[in-house]
Amino acid sequence: MHPRFRTVAATLVLLTTVGCGGSGPGEGDRLDMGIAVANISLNFAHEMVLGAESAAEHAGDVDFKAVGPPNTDGPAEVQLFQNLTTRAEDGIVLENLDPPIFTRPAARAVDRGIPIVALDTAPTDGSKVTFYVGNDNYALGELMAKEALKRLGDDPEGQIVIGVPNPGTPVLDSRAQGIADTFGKQAPGVKVLGPFQTYSDPGQNHSSWSAQVNAHPDALAFLGVGDADSYNLARIKKAKGGKWLTAGFDVDPKTLEAVQDGSNFVTIDPQHFLKGYLSTAMLIESVREKDGRLPDGWFLSPGGVVDSTNIDDIIARQKSAKAAYDWYRPAIDKLLGDQAGNMHPLKDAR
């Protein structure tokens, strides 16, 4: 049973330690590991944590701790990460939305001998982190654009509006660029507006999208690349009776409801649980079997489309961590069984 998140003090949220039993080494060989995420209250991070916890549980004999601020707050996450390095000395998975401010803290951890895996956002050159597990986010943006074009008919003309919660975050910028480039190549009659900042905080996100919808009432589509974008666009569309297309990313329950009722035509699923699982499983493997030597490069983790054809299956997958693992297990086995085949140069990460 996975622990629920609880609030600590007024500003930070921590996940309680998971002591994972199993048939692994004796008590003296237990591993102390953890994961740090950018915003533990949003679905994308929750999914990654559940995947990481599942991998630790399946490996056995891993004391695993997850930390992250309740809102997207880079400096707060840096402090939590630094605190985590004092106890998770056998390895840490690091996800963040502001790589530059983690350069020095990550490098210090590596210098202390702590294996660090970058998750979801590629590490900076000076961080000394050389292993990254993440999507091809540009390709996921292309995927969203292609799904929109299927529904806009031949030779569409008009405007589409793109939103990015945290401009400057490479993962999100790559998604937006993939959307814009695809429309530019395949729909020359469509003018791309943005990307505009839409914020990761759900309240700010709703206000930002409301302003964009009011400013561009005749747009063909409003497309966001983040978590809150999806369900807030659906909410606005319902409230206004909008005829435009709306979609975003991730599989928050409210987002899945919006796809199920047809408000959003799709959501793009970066499969965060899978990434959390893969990164943690490979971290544990490196410590137990390779003296902590992590691979060098970008391990490509897939994503996919959630639409009316598979929404019920995805909703069932999201019921529990066990259901998610059972759904992902074929992909996990395949990807971990061919690690070299899924490795790419770190410089190519996007």
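Residues numbered from 1 in each chain as written. Predicted model: local features only at pLDDT ≥ 70, side-chain atom pairs only at ≥ 80, totals over all residues. Heavy atoms only, no water.

Undergrad: Would you take a moment to explain unusual backbone geometry for this structure?
TA: Among all residues save glycine, negative phi is the norm, and among peptide bonds the norm is trans. The amide bond that connects Gly194 to the next residue, Pro195, takes the cis arrangement and shows omega of 10°. On the secondary structure map, Pro195 appears in strand S9 (residues 190–197). The phi torsion at Asp61 lies on the positive side, around 60°, for a residue other than glycine. Considering the arrangement of structural elements, one finds Asp61 in the loop between helix H1 (43–59) and strand S4 (62–68). Although it is not a glycine, Gln271 adopts a positive phi angle of roughly 55°. Looking at Gln271, the relative accessible area reads 11%, which means it is buried. (Helix = DSSP H or I, 4+ residues; strand = E, 2+ residues; numbered from the N terminus. Buried < 20%, exposed > 50% of the residue type's maximum accessible area, 1.4 Å probe, protein only.)

Undergrad: Help me understand the pattern of salt bridges in this model?
TA: Note on pairing: side chains with opposite charge can pair once their charged atoms come close. What the rule picks out here adds up to 16 salt bridges. Because the salt bridges share partners, they merge into one network encompassing Arg30, Asp61 and Asp63. (Salt bridge = Lys/Arg side-chain N within 4 Å of Asp/Glu carboxyl O.)

Undergrad: Mind showing me how you'd approach the side chain of Asn96 here?
TA: Its location among the elements puts Asn96 in the loop between strand S5 (91–94) and helix H3 (103–111). You can call Asn96 buried: its relative accessible area is 4%. The residues touching Asn96, leaving out its near neighbours within four places in the chain, are Ala38, Glu77, Phe102, Leu119 and Thr121. (Contact = heavy atoms within 4.5 Å.)

Undergrad: So what exactly am I meant to see when it comes to the sheet that holds S9 here?
TA: Backbone hydrogen bonds hold the strands of a sheet together, and the pairing may be parallel or antiparallel. With mixed pairing, six strands are arranged side by side in an open sheet as S9-S8-S10-S11-S12-S14. Across the chains shown, the open sheet's two edge strands, defined by having one partner strand only, are S9 and strand S14 (304–306). When strand polarity is set aside, the average angle formed by the axes of neighbouring strands in this sheet is 20°. In the sheet, strand S10 (residues 221–224) pairs with strand S11 (residues 245–249) via three bridges, with the strands oriented parallel. (Pairing = 2+ DSSP bridges. Axes fitted to C-alpha atoms, helices over the stretch in contact; angles between N-to-C directions.)

Undergrad: Would you mind showing me how to read the layout of surface pockets here?
TA: Once rolled over the atoms, a probe with the size of a water molecule shows which space is left empty. The space that makes up the second largest pocket amounts to roughly 220 Å³. Around the second largest pocket sit Ala55, His58, Ala59, Tyr277, Ala281, Met282, Ile284, Glu285, Arg288, Glu289, Leu336 and Gln339, which together line it. Those elements that provide at least two residues to the lining of the second largest pocket are H1 and helix H9 (272–289). No other element matches the seven residues that H9 contributes to the lining of the second largest pocket. Per-class residue counts for the lining of the second largest pocket are seven nonpolar, two polar and three charged. (1 Å grid on protein atoms, 1.4 Å probe; cavity = no way out; pocket = protein on both sides within 12 Å on 5 of 7 lines; lining within 4 Å. Points joined across faces, edges and corners; volume = space filled by probe spheres on them. Nonpolar A, V, L, I, M, F, W, Y, C, P; charged D, E, K, R; others polar.)

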